[in-house]
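Results of the structural survey
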Amino acid sequence: MSFELLALALLGGLLRIGPPLICAAVGDCLTQRAGRFNLGLEGVVPCTAVLAALGGQHGAGIGVLAAVAGGAALAGLHALCCSLPRSNEIAVGIAFLVGGTALARFVGDGQLAVAHPSLPQIDLVVEAAGRSHVLGLSWLLLAALAAAVLIHWGLRATGAGLLLRAAGQPGGAAALAASGRSQTLLQLAATSAGGAFAGLAGAHLALFHPGGWSDGLGAGVGIGAVTIVFIARARPLVAVLLAAGFAAIVAFGLALQVALGTGGYHLFSVLPFILALLVMGTARRRPGRA
Amino acid sequence: MPGQRRARRLETAAIAAAASLLALLGWLLVAAVTGLPAFASLGVLLRGSFGSGFALRQTFEAATPLLLTGLAVALPARAGLLVIGAEGAFVISALAAAVAAAWLDGWAALPLLLGAGVLAGAAWLGICGWLKSARGVHEAVSSLLLAYVAVALVSHLVEGVLRDPASFDRPTTAPISVDAQLGSWEGLHAGLPLGLLACLLAYAAVSHSRWGFGLRLAGANPAAARFAGIDVGRLTIAMCVLSGALAGLAGALQVGAVAHSAGPALALGYGYAGILVAMIARGDMRAVIAAAVLVGALEAGGGALQRELGAPAASAKMMEGLLFIAIVVCGCARGPLARWLLAREARR
């Protein structure tokens, strides 16, 4: 087993596992910047994956559109519930987590054998161990990376970015109201946008190799993204790097299994979660929202 | 004020009715869209959960772990903690119990099974308590992350070093010794009396003891609780440990009474369904019993839907999810509705 093939397997795994996490994390930066904590993302991602698999039967583009629209709608519903008086965003998030996961499993149950198209991708040809291998680089990943740069710039340099940041600050509601704007509406928009990006994540899960719907698809993506963004303090470029790092760890476990036949894939798949808990456990205590 | 109390009761009843109706409508819609006979499915659901001796046994078999996982969520919730990772404690302690009880025969096997489960679960969720009290990490996030870690850890161990060579397609640990197996009475889950007892004890402790008063105070107003001399940090850790112990007892009982071995297949969602049980019970530990039976009925009824109508395996989870969202949405009317009812009475 050569080092080359291990690196190849790692890269292939990274290109498959990374994009959903990166897409969901980039969108969640908007949500958390606006002061919303959407734990329900964990339920939204599997739902959008099912939507993408269903819509994808009429073409990959329709699948992506269905997933993005569905994600935005579900996350918007979450924001709507949160904006009602006396509601608790964590409790609403848990309801969406459980409800969304159940809905995805229920509707997706019959979709196992459904043929699905693949997203258009750029084929990277890599020479390794005397053979050329084709790795797919999905357009969705490039779109998410572009969006991350755009959001990074927009949050700093535009009026809309300023408003969004204001919505997430303590006392932001009053400041926004004084300038004739509504914190609730801003948070609704930001949470929906986060859901739309979660839709991209779902679309990638269902329409990129190997694709299709299987039980448990998308588990851990939503909560992973929310945790990454929390650790990155909602900075999109940092979130992208963290998400790529998380995915690299999982891909490494997979590559080891493929290349060397070692076990331990299960542990590698949750190692990012353990690291996140360690980071949160050793970081200096932050005042306010935990 | 009796008027106020009556308004509160009316409000609770109205919200419960509205949530049930909303969930029912949601189910009819989902069933119709996915091509199931919507109204016929309700009959199957009812017969499959309460319609026969077999159905009742199924309902109570599912309700037994839910009594404990429901308590594991409802108890810390009274102290203001949203510990939602009972699933993780459940599978970890099932594994610990199965491993501990596999090699020992005799009278000590059963206490060892239960003790290992309770300890493993308590230690597992104790991590969340420490992270919360020492580091301010939200317990909902940490317990959920740990639930994934637990399932992966169990999968890793049971597919690896702890695998029973005799288990083929569904890897499990070696079966526990016969002395650790709990019998059943008339086909009922042997853990049922323990679960019921735990609920009643929890009710007595929360509603009628000094400790319970401190707990409720810390949940309602942590600043006031600190001022009153309650160590909220220690209470936080204690509640997470207790939550883990209860979920751990559920996991150990599941191994002792039903599965007789442990594996990733035990992660059937009893921990997550426990959140729904706690949500329905709304902080009343006696109500956990009724809520667990209700959710157990959905589990049993979902099985019947699958058998008789060919519905998806996730039917029970689907109904639970709908009920969950309906309760959260309708619960937002709490407060204003009672005020409106009170004002209407005053006008009369």
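Quick look at the structure, then. This one's a predicted model, so the numbers in the text were calculated from it and none came from an experiment.

What follows covers a nonpolar patch on the surface. There is a patch of nonpolar side chains on the surface, built from Trp139(A), Leu142(A) and Leu145(A) and spanning about 270 Å² of accessible area. Classification of Leu142(A) by relative accessible area gives partly exposed; the value is 31%.

Turning our eyes to something else, we now look at the interface of chain A and chain B. Across the contact, 39 residues belong to chain A and 44 residues belong to chain B. Overall, the association of chain A and chain B removes approximately 3,700 Å² of surface from exposure, summing both partners, and the carbon and sulfur fraction of that is 80%. Joining chain A to chain B, the criterion identifies zero salt bridges. Inspection of the chain A/chain B interface yields three residue pairs in polar contact (both at pLDDT 80 or more). Sorting the residues of the side of chain A that touches chain B by element identifies helix 4 (89-108), helix 9 (221-231) and helix 11 (265-282) of chain A as the ones contributing at least two each. For the side of chain A that touches chain B, the element with the most residues is helix 4 of chain A, which contributes twelve residues. Its residues assigned to classes, the side of chain A that touches chain B comprises 25 nonpolar, nine polar and five charged.

A few words now on the packing of aromatic side chains. Here the structure, examined in full by the defined rule, presents five aromatic pairs over all chains. Relative to Phe230(A), the ring of Phe37(A) lies with its centre 6.3 Å away and its plane at 85°, an arrangement referred to as edge-to-face. Highlighted residues: Phe37(A) in the loop between helix 1 (3-33) and helix 2 (41-55) and Phe230(A) in helix 9, separated in sequence by 193 residues. When its relative accessible area of 4% is taken as the criterion, Phe37(A) is described as buried. Ring geometry for Phe273(A) against Tyr148(B): centres 5.7 Å apart, planes inclined by 65°, an arrangement best described as edge-to-face. Highlighted residues: Phe273(A) in helix 11 and Tyr148(B) in helix 6 (residues 139-159), drawn from two different chains.

Residue and element names in this part refer to chain A. Over its 31 residues, helix 1 extends 41 Å from the first C-alpha to the last, a length consistent with the 45 Å expected when each residue adds 1.5 Å. The axis of helix 1 is deflected most strongly, by about 35°, at Gly18, and proline Pro19 appears within four residues downstream. Two residues or fewer past helix 1, Gly35 is found with a positive phi of approximately 85°.

Our next topic: the environment of Ser41(B). Residues and elements named next belong to chain B. Within the fold, Ser41 resides in helix 2 (residues 38-50). A relative accessible area of 1% places Ser41 in the buried class. Sequence-wise, Ser41 and Gln58 are 17 residues apart; in three dimensions their C-alpha atoms are separated by 18 Å. Here the side chain of Ser41 touches Trp27 through a polar contact of 3.1 Å, side chain to side chain.

A word on the side chain of Arg334(B). Along the chain, Arg334(B) falls in the loop between helix 13 (315-331) and helix 14 (336-347). As a buried residue without a salt bridge, Arg334(B) has its nearest oppositely charged side chain in Glu11(B), at a separation of 4.0 Å. Ignoring anything within four residues of it in the chain, the contact list for Arg334(B) reads Arg86(A), Glu11(B), Thr12(B), Ile15(B) and Arg282(B).

Let's shift gears to the environment of Gly263(B). Within the secondary structure, Gly263(B) sits in the loop between helix 10 (232-259) and helix 11 (270-281). Overall, the relative accessible area of 7% leaves Gly263(B) in the buried class.

As a further point, take the pattern of salt bridges. Residues and elements named next belong to chain B. Counted by the stated rule, this structure contains seven salt bridges over all chains. Salt-bridge contacts for Glu345 lead to Arg6; the nearest nitrogen and oxygen are separated by 2.4 Å. Residue Glu345 is located in helix 14, and its partner Arg6 is located in helix 1 (residues 2-33); the two are separated by 339 residues in the primary sequence. When the shortest N-O distance is used, the salt bridge between Glu299 and Lys317 registers 2.7 Å. Remark: Lys317 occurs in helix 13 and Glu299 occurs in helix 12 (residues 287-309); sequence separation between them is 18 residues. Salt bridges linked by common partners bring Glu299, Lys317 and Glu320 together as one network.

Before going further, it helps to spend a moment on the nonpolar core. Ranked by size, the top nonpolar core spans 185 residues in total, and within it Leu39(A) and Trp27(B) carry the most contacts. In terms of residues, this core owes the most to one element, helix 10 of chain B, which gives twelve residues. Leave out the neighbours within four places in its chain, and Leu39(A) touches Ile90(A), Gly93(A), Ile94(A), Leu97(A), Ile223(A), Ile84(B), Ala140(B) and Val141(B). Formed by five residues, the second largest nonpolar core is a distinct cluster that contains Ile17(A), Ala247(A), Val250(A) and Ala251(A).

Rules used in this analysis
- Residues numbered from 1 in each chain as written.
- Chains lettered and ligands numbered in written order.
- Predicted model: local features only at pLDDT ≥ 70, side-chain atom pairs only at ≥ 80, totals over all residues.
- Heavy atoms only, no water.
- Patch = residues over 30% accessible without salt bridge, like charges linked within 9 Å, V, L, I, M, F, W, Y side chains within 5 Å.
- Areas by Shrake-Rupley, 256 points an atom, 1.4 Å probe, with all protein chains shown as cover.
- Salt bridge = Lys/Arg side-chain N within 4 Å of Asp/Glu carboxyl O.
- Buried < 20%, exposed > 50% of the residue type's maximum accessible area, 1.4 Å probe, protein only.
- Contact = heavy atoms within 4.5 Å.
- Buried area = accessible area lost by both parts, 1.4 Å probe.
- Polar contact = N/O pair within 3.5 Å; in protein donor to acceptor, adjacent residues only side chain to side chain.
- Helix = DSSP H or I, 4+ residues; strand = E, 2+ residues; numbered from the N terminus.
- Nonpolar A, V, L, I, M, F, W, Y, C, P; charged D, E, K, R; others polar.
- Phe/Tyr/Trp six-rings, centres within 6.5 Å; stacked < 30°, edge-to-face > 60°.
- Expected span 1.5 Å × (residues − 1).
- Bend = angle between axes of the 7 residues up to and from the residue.
- Lys, Arg positive; Asp, Glu negative; His and termini not counted.
- Core = buried A, V, L, I, M, F, W, Y, C linked by side-chain atoms within 4.5 Å.

That's the geometry; what it means functionally is another story.
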